[in-house]
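Structure assessment
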Amino acid sequence: MQEELIKVSGGARLSGVVPITGAKNSVLKLMAASILASGATTITNTPAISDVFIMGEVLKRLGAQVHLDGHVMTIDTTGINSYETPYDLVVQMRASVAVLGPLVGRFGRARVAMPGGCQIGSRKLDMHLLGLEELGVSFEVSHGYINATVPKTGLKAAHVTLEFASVGATENLMVAACCAKGTTVIENAAREPEISDLANFLNLMGARISGQGTPVITVEGVDPSSFVPVPSYSTVGDRIEAGTFLVAGALAGGPLTVQGVNPEFLALPLKKLKSFGAHIETGEDFITISREEPLKATDIQTLPYPGFPTDLQPQFMVLTAVAQGTSVITENIFENRFMFADELIRMGANIRIEGHHAIVEGVEQLSGAPVRASDLRAGAGLVLAGLVADGETTVGELTHIDRGYEGFVDKLKAVGAQIERA
């Protein structure tokens, strides 16, 4: 079978409105958290992306009934009769380990496959396990699986300090702590908007969480049997999808409006876009970007929220590649994020990698070329590069892009891009 590709012809000016869907990095955790309560939960503003479909399969394997109608997902957890997440699903989407906390909380046990290709430490799953151990969970790692058990006395509250503000570890700890006896304090907690979204969802289920959005989260444990399903909850807008399209607007002129996201979630990226030379207007749930002046070099360093998000680093590297002057990008979160630079160099970018720094000397124009996505955000970045490249760019390995962007090509085409998927 011939591989499906995205073909982009550069040079078109983009303008119009792009509707932003629910956040991938939030909805997956809401889906997992629904395990805590027996019954039917409805999550609206659910993006129709492959990661959501995979998490749906994870829940079905556990015994839940899952139905997605448009952007409305219904999850009935009444029939859950398993506590095992198989390897064939975890290897497709590491976020499926988000069921660890909910399974431990509701059933007192879990069997979750380890992500493939590396040891626990290199993927920072060690923080999940160390934190949960402080709540009383015992772990045995064997035959590629993490086996978790809770003593008959149940989970116990603890004061947990995370070594790093890990989003996944914060989420698993927060969910499990909801079922622990006493009050748990999580220090150095992740502060991302998606953490607050999950906490708000859990509170509607009957949890007692406070401090979300700050470095210290407090969870007052409740009886695990007291959790109730949520009749309707709307996922927060996807700030990374919004940021991706804002970069497209900065590259291709605009005015381009992203609708359905809180501008406060993108405070630092918006500041950087202004430094590049873009004009920004914001409202309660929209951001409009336009640019008439040449792009100017701007330095970027990724940090946990509210710092600059690593998930927007590849897209912003495209801006630096065609900006006037030299930019330095410092990647502090993922050591392999610069794999994307090699493909951008194929398109004529002038990039030198030195450790966790990328020194980018802006060029007048990129050249269309056949390139391949190495990950989700790199795939989006390569499509953006094609928007301003001379000639045609073809992007392969589209399964990465489909993990996090619903209708990516259609949305770009609707605002004027010369793009097709074939």
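As the structure is a computational prediction, the values presented were derived from the model and not from experiment.

A separate point is the overall build of the chain. Check the secondary structure of the chain and you find 14 helices and 26 strands. Its C-alpha radius of gyration of 22 Å places the chain within 12% of the 22 Å reference for a compact globule of 422 residues. Its C-alpha atoms put the chain at 65 × 45 × 40 Å along the principal axes. Taking all 422 residues of the chain together, 57% fall into the buried category. Summarising the internal contacts of the chain: among those between residues at least 6 apart in sequence, 72% fall at separations of at least 24.

The next thing to look at is the sheet that holds strand β21 (residues 357–361). Sheet architecture is open: four strands sit in the order β18-β19-β21-β20, paired in mixed fashion. Where the open sheet ends on each side, the last strands, each with one partner, are β18 (300–301) and β20 (350–354). The pairing of β18 with strand β19 (residues 326–330) spans two bridges and is parallel. Residue pairing for β19: Gln-301 is matched across the bridge by Thr-330.

Per-residue confidence for the chain gives a mean pLDDT of 94; residues scoring 70 or more make up 98%. Confidence drops under pLDDT 50 across residues 117–122; counting only partners more than four residues distant or on other chains, this segment forms seven contacts.

Residues Gly-254 and Pro-255 are joined by a peptide bond in cis, for which omega reads 5°. Among the structural elements, Pro-255 can be located in strand β15 (residues 253–259). Note the cis peptide between Tyr-305 and Pro-306, where omega equals 10°. When you line up the elements, Pro-306 lands in the loop between β18 and α10 (313–321).

This part covers helix α2 (residues 50–62). With 13 residues, α2 extends 19 Å from end C-alpha to end C-alpha; this agrees with the ideal 18 Å at 1.5 Å per step. If you follow the buried residues of α2, they end up packed against α1 (24–33), β4 (65–69), β5 (72–76), β6 (84–85), α3 (87–90) and α4 (100–107). The first or second residue beyond α2 is Gly-63, which carries a positive phi of 115°.

Next up on the list: the nonpolar core. One finds Met-31, Leu-100, Leu-155, Met-174, Leu-202, Ile-209 and Phe-227 to be the most contacted residues of the largest nonpolar core, which totals 76 residues. Discounting chain neighbours no more than four positions away, the residues touching Ile-209 are Met-174, Cys-178, Ala-199, Leu-202, Asn-203, Ile-217, Thr-218 and Val-219. By size, the runner-up hydrophobic cluster in this structure holds 70 residues, among which are Ile-6, Leu-266, Ala-278 and Val-409.

Now for the packing of helix α8 (residues 239–252) against helix α12 (residues 376–387). What describes two packed helices is the angle between their axes and the distance between those same axes. Contact geometry of α8 with α12 gives a least axis separation of 9 Å together with a crossing angle of 20°. In terms of orientation, α8 lies roughly parallel with respect to α12. Once α8 is placed against α12, the crossing between them reads as right-handed. Every residue of α12 that contacts α8 at Ile-240, Thr-244, Val-247, Ala-248 and Leu-251 is listed here: Arg-377, Ala-380, Leu-384 and Leu-387. Of the residues that constitute the contact of α8 with α12, the class distribution is seven nonpolar, one polar and one charged.

Our next topic: the packing of aromatic side chains. Per the counting criterion, the structure on display carries five aromatic pairs. Measuring from ring centre to ring centre gives 5.3 Å for Phe-201 and Tyr-233, while their planes differ by 75°; the resulting arrangement is edge-to-face. With Phe-201 in helix α7 (residues 193–205) and Tyr-233 in strand β14 (residues 233–234), the pair connects residues that are 32 residues apart, well separated along the chain. Each member of the pair, Phe-201 as well as Tyr-233, carries the same accessibility label: buried.

Parameters and conventions
- Residues numbered from 1 in each chain as written.
- Predicted model: local features only at pLDDT ≥ 70, side-chain atom pairs only at ≥ 80, totals over all residues.
- Heavy atoms only, no water.
- Helix = DSSP H or I, 4+ residues; strand = E, 2+ residues; numbered from the N terminus.
- Rg over C-alpha atoms; globule rule 2.2 N^0.38 Å.
- Buried < 20%, exposed > 50% of the residue type's maximum accessible area, 1.4 Å probe, protein only.
- Contact = heavy atoms within 4.5 Å.
- Pairing = 2+ DSSP bridges.
- pLDDT = per-residue confidence, 0-100.
- Expected span 1.5 Å × (residues − 1).
- Core = buried A, V, L, I, M, F, W, Y, C linked by side-chain atoms within 4.5 Å.
- Axes fitted to C-alpha atoms, helices over the stretch in contact; angles between N-to-C directions.
- Parallel < 35°, antiparallel > 145°, perpendicular 65-115°, else oblique.
- Left-handed = near helix turned anticlockwise from the far one by under 90°.
- Nonpolar A, V, L, I, M, F, W, Y, C, P; charged D, E, K, R; others polar.
- Phe/Tyr/Trp six-rings, centres within 6.5 Å; stacked < 30°, edge-to-face > 60°.

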